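Here's the letter readout for the chains.
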Amino acid sequence: MQIFIRRKYIMKKFAAILLAFALLFGLAACGANNNSASTEPEVVIPALHIDMADWPVIDGALACLPYYEQVTALLTDTELDEAREHILTNNTPASFAEIAEGKVDLIFCLHGSEEQEAYAKENGVTLEYTPFANDAFVFFVNKDNPVDSITMQQLYDIYAGKITNWSEVGGRDEPIIAYQRNEGSGSQTGLYQYVIPKDEVTDAPTELRIGEMGGIIDAVAYYDNAKGALGYSYLYFVTNQHFDEDIKLLAVDGYAPDKENIQSGDYPMVTQYCCVINADTPDGSTVRQIVDWCTGEQGQLLAEELYYVPVK
């Protein structure tokens, strides 16, 4: 038995809307016309089925939510709204704390911070990471900022407090308002991983440290001094979940953060979303079946349909 899924995706807010499920038996034919711009994509899902009663406790980062809620719906053969009732929707710090404490079985996140890894070890948990999608750590400015490109060295110098005015990087004579995220967030971990070590970054005042993932985009787009603002996040979240036409993404070292440059590795800050589990999770368990499906052919097709960049 195969499950044929037909979807139409909208590039605003949450990237995917599941339109229909249809169960067919035998060798059913799919007459999709790939030459038609209005034809909706089809994904053939293998016959892996897990009863909702056996579904593990799952949580993850907001940027991964469109993926793991769809996985839940597909593999339990439920409507998307019902599937959402059986997953958690916390953030990265909460997800890593939960898996370290044994409260969840599987999380969908970026790699954890040193502190999150250490907390898991303290609780006797070794975290196992399996990538299911690629993404890019990106920087953005207000659309009215004339700067279109920046270098890794300039980013380091900005967050080290050595560059403080846009005129020093080819922009107008105005202060750089360098926003940061809260500690433990995936975005703040990305800053330390790709741009500047934690012990070298200039401490941001409270008003420049944003708690909500979408808040840093809003700050760069609309708040006071927005035209001098600089923010960072992940490409998928910026373009698919919290898109705002009043910001623009910066090229880094001459490479734009697009799918082609992510796949080639030319963009200098490529990262991966992972299925994260306790390494002691038994072979053949429901959790490992889900991980295998996500990283297999059909899980990768789903990632691409949801506008992630597949790892395979």
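Since the model is a prediction, treat every value here as computed from it, not as a measurement. (Residues numbered from 1 in each chain as written. Predicted model: local features only at pLDDT ≥ 70, side-chain atom pairs only at ≥ 80, totals over all residues. Heavy atoms only, no water.)

### Here we look at helix α7 (residues 215-222)
Then, in step 1: Within α7, six of the eight residues are buried, which leaves the element mostly enclosed by the surrounding structure.
Then, in step 2: Buried within α7 we find G215, I216, I217, A219, V220 and A221.
Then, in step 3: Of the surrounding elements, those touching the buried residues of α7 are β6 (127-142), β9 (180-181), β10 (209-210), β11 (229-234), α8 (235-241) and β12 (247-249). (Buried < 20%, exposed > 50% of the residue type's maximum accessible area, 1.4 Å probe, protein only. Helix = DSSP H or I, 4+ residues; strand = E, 2+ residues; numbered from the N terminus. Contact = heavy atoms within 4.5 Å.)

### Concerning helix α3 (residues 92-100)
Then, in step 1: Buried residues of α3: T92, S95, F96, E98, I99 and A100, and no others.
Then, in step 2: Its side-chain oxygen placed 3.1 Å from the backbone nitrogen of A94, N91 serves as the N-cap of α3. (Polar contact = N/O pair within 3.5 Å; in protein donor to acceptor, adjacent residues only side chain to side chain.)

### Overview of the pattern of salt bridges
Then, in step 1: Across all of its chains, the model carries 13 salt bridges by this definition.
Then, in step 2: For the salt bridge of R209 with D203, the shortest nitrogen-to-oxygen distance reads 3.4 Å.
Then, in step 3: Of the residues examined, R209 reaches a relative accessible area of 24% and is grouped as partly exposed.
Then, in step 4: If you follow the salt bridges from partner to partner, you end up with E115, E183, K198, D203 and R209 in one network. (Salt bridge = Lys/Arg side-chain N within 4 Å of Asp/Glu carboxyl O.)

### As for the pairing of β6
Then, in step 1: Across the 16 residues of β6, 13 count as buried, placing the element largely inside the fold.
Then, in step 2: In terms of strand pairing, β6 meets strand β14 (residues 270-278) through nine bridges, oriented antiparallel. Within β14, the position partnered with D135 by the bridge is T271.
Then, in step 3: Of the strand pairs in this sheet, β6 and strand β15 (residues 309-310) are connected by two bridges, and their pairing is antiparallel. By the bridge assignment for β15, N134 is matched with V309. (Pairing = 2+ DSSP bridges.)

### What to know about the packing of helix α1 (residues 65-76) against helix α10 (residues 286-295)
Describing two packed helices takes the angle between their axes plus the distance from one axis to the other.
Then, in step 1: Two elements in contact, α1 and α10, have axes whose closest approach is 12 Å; the angle formed by their N-to-C orientations is 110°. Our classification of the angle between α1 and α10 gives roughly perpendicular. The handedness of the crossing between α1 and α10 comes out as right-handed. Across from Y67, V71, L74 and L75 in α1, the residues of α10 making contact are I290, W293 and C294.
Then, in step 2: Here the residues of the contact of α1 with α10 sort into seven nonpolar, no polar and no charged. (Axes fitted to C-alpha atoms, helices over the stretch in contact; angles between N-to-C directions. Parallel < 35°, antiparallel > 145°, perpendicular 65-115°, else oblique. Left-handed = near helix turned anticlockwise from the far one by under 90°. Nonpolar A, V, L, I, M, F, W, Y, C, P; charged D, E, K, R; others polar.)

### With respect to unusual backbone geometry
With the exception of glycine, the majority of residues adopt a negative phi angle, and the majority of peptide bonds are in the trans configuration.
Then, in step 1: Located in the positive-phi region is D77, a residue other than glycine, with phi close to 55°.
Then, in step 2: With respect to the helices and strands, D77 occurs in the loop between α1 and α2 (80-84).
Then, in step 3: Since its relative accessible area comes to 34%, D77 is described here as partly exposed.
Then, in step 4: In the Ramachandran plot, Y307 falls in the positive-phi region, its phi being about 75° despite a non-glycine side chain.
Then, in step 5: Looking at the element boundaries, Y307 is found in the loop between α11 (297-305) and β15.
Then, in step 6: In this structure Y307 comes out as partly exposed when scored by relative accessible area, which is 38%.

### What about the environment of A118?
Then, in step 1: Residue position: A118 is located in helix α4 (residues 114-122).
Then, in step 2: According to the relative accessible area criterion, A118 is partly exposed, its value standing at 35%.
Then, in step 3: Counting along the chain gives 18 residues from A118 to A100, while the straight-line C-alpha distance between them is 9.5 Å.

### Observations concerning the packing of aromatic side chains
Two measures describe an aromatic ring pair: the distance that separates the ring centres and the angle between the ring planes.
Then, in step 1: If you walk through the whole model with that rule in mind, you get 16 aromatic pairs.
Then, in step 2: Between the aromatic rings of Y67 and F108, the centroid separation amounts to 6.1 Å while the plane-to-plane angle is 55°, which identifies the pairing as tilted. Of this pair, Y67 sits in helix α1 while F108 sits in strand β5 (residues 106-109); the two residues are 41 residues apart in sequence, bridging distant segments of the chain. No difference in accessibility class separates Y67 from F108, as the two residues are buried.
Then, in step 3: The interplanar angle of 70° and the centroid separation of 5.8 Å between the aromatic rings of Y159 and Y232 together place this pair among those described as edge-to-face. Of the two residues, Y159 is situated in helix α5 (residues 152-159) and Y232 in strand β11; the sequence distance between them amounts to 73 residues. In terms of burial, Y159 and Y232 fall into one category: buried.
Then, in step 4: Aromatic ring contacts, followed pair by pair, group Y67, Y68, F108, F132, Y236, Y273 and Y308 into a single cluster. (Phe/Tyr/Trp six-rings, centres within 6.5 Å; stacked < 30°, edge-to-face > 60°.)

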